[in-house]
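Spelled out, the chains give:
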Amino acid sequence: MSPIERETKLVVSGKDVERLLASGEVLETRDQLNVYLLDPGKLGEGFGYFRVRFEAGREAMATLKIPVGWDGDMREMLEIECPLSECGPALFPRPRRWVPIDTAGPEGWVGHFQGLGIKRLRRLGCMRNLRRVLHWEGIGSVEVDRTTLPNGMVHYEVEIDDPRQELHQELVKKIREVAPSAAFTKVGKFSRFLSGLELA
């Protein structure tokens, strides 16, 4: 997998989520708990973010995401992942409230944190996401997410995560055919999380 993630996000209505799920094959359902940590002085998706994700039946993962740029409606992020079990006692088995950057992941991550001006990480809170991987035969797969924000609001979006721009275009066309409410968004889950905490 390339460390550069290329993703397109579209917000949809709850009614259109049902239309989407009925239009293809749901390959899997994942119940995710996302725990976010960041230097309180660097809040905002423009600085990137650090996430620990817990999923039933899967190994917990720590992920550092750093923004690279935009190609139209497709966002490019540097994504570095590591099993949480390899991240040291400040993060495993559960993240502490404060985490020094020299204990937040493998040794090579320190340079990335320093480059972002991050000195230490604070556990900001968590957010639940129900993800369905939806597949259309002959086209490809998308992730259909139902996210519960910290303030209790529910948000729906469809995410395309693939390095091929032409596949993004094909999948966007299919999504719009099925879901009339679908609209591009440049607001990621971390920004919505901060809004739910009223920190953004």
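Residues numbered from 1 in each chain as written. Predicted model: local features only at pLDDT ≥ 70, side-chain atom pairs only at ≥ 80, totals over all residues. Heavy atoms only, no water.

What follows is about the side chain of Asp145. Looking at the element boundaries, Asp145 is found in strand S8 (residues 140–148). Here Asn129 takes part through its side chain, which lies 3.4 Å from a polar atom of the side chain of Asp145. (Helix = DSSP H or I, 4+ residues; strand = E, 2+ residues; numbered from the N terminus. Polar contact = N/O pair within 3.5 Å; in protein donor to acceptor, adjacent residues only side chain to side chain.)

Glancing now at the environment of Val172. Summarising the element assignment, Val172 is placed in helix H3 (residues 165–178). Owing to a relative accessible area of 9%, Val172 belongs among the buried residues under this scheme. Residues Val172 and Val142 lie 30 residues apart in sequence; the distance between their C-alpha atoms is 9.6 Å. Apart from residues no more than four positions distant in its own chain, Val172 is found in contact with Thr8, Leu10, Ile160 and Phe184. (Buried < 20%, exposed > 50% of the residue type's maximum accessible area, 1.4 Å probe, protein only. Contact = heavy atoms within 4.5 Å.)

Moving on: the packing of aromatic side chains. By the definition in use, this model includes 7 aromatic pairs. Relative to Tyr49, the ring of Tyr36 lies with its centre 5.9 Å away and its plane at 65 degrees, an arrangement referred to as edge-to-face. Remark: Tyr49 occurs in strand S3 (residues 49–55) and Tyr36 occurs in strand S2 (residues 25–38); sequence separation between them is 13 residues. Each ring, one from Tyr49 and one from Phe190, has its centre 5.0 Å from the other, and the planes form 20 degrees; the classification is stacked. (Phe/Tyr/Trp six-rings, centres within 6.5 Å; stacked < 30°, edge-to-face > 60°.)

Along the chain, the position of Arg51 falls in strand S3. Summary of buried charges: Arg51 has no salt-bridge partner, and the nearest side chain of opposite charge, Glu81, is 4.4 Å away. (Lys, Arg positive; Asp, Glu negative; His and termini not counted. Salt bridge = Lys/Arg side-chain N within 4 Å of Asp/Glu carboxyl O.)

Let's shift gears to helix H1 (residues 14–23). Listed as buried for H1 are Asp16, Val17, Leu20 and Leu21. On an axial view of H1, the arc spanned by its buried residues comes to 140 degrees, and they lie on one face. Among the exposed residues of H1, those oriented more than 90 degrees off its buried face are Lys15, Glu18 and Ala22. Where the residues of H1 are buried, they touch S2, strand S7 (120–136), S8, strand S9 (154–161) and H3. (Arc of directions from axis to C-beta.)

Read these as geometric descriptors, not functional statements.
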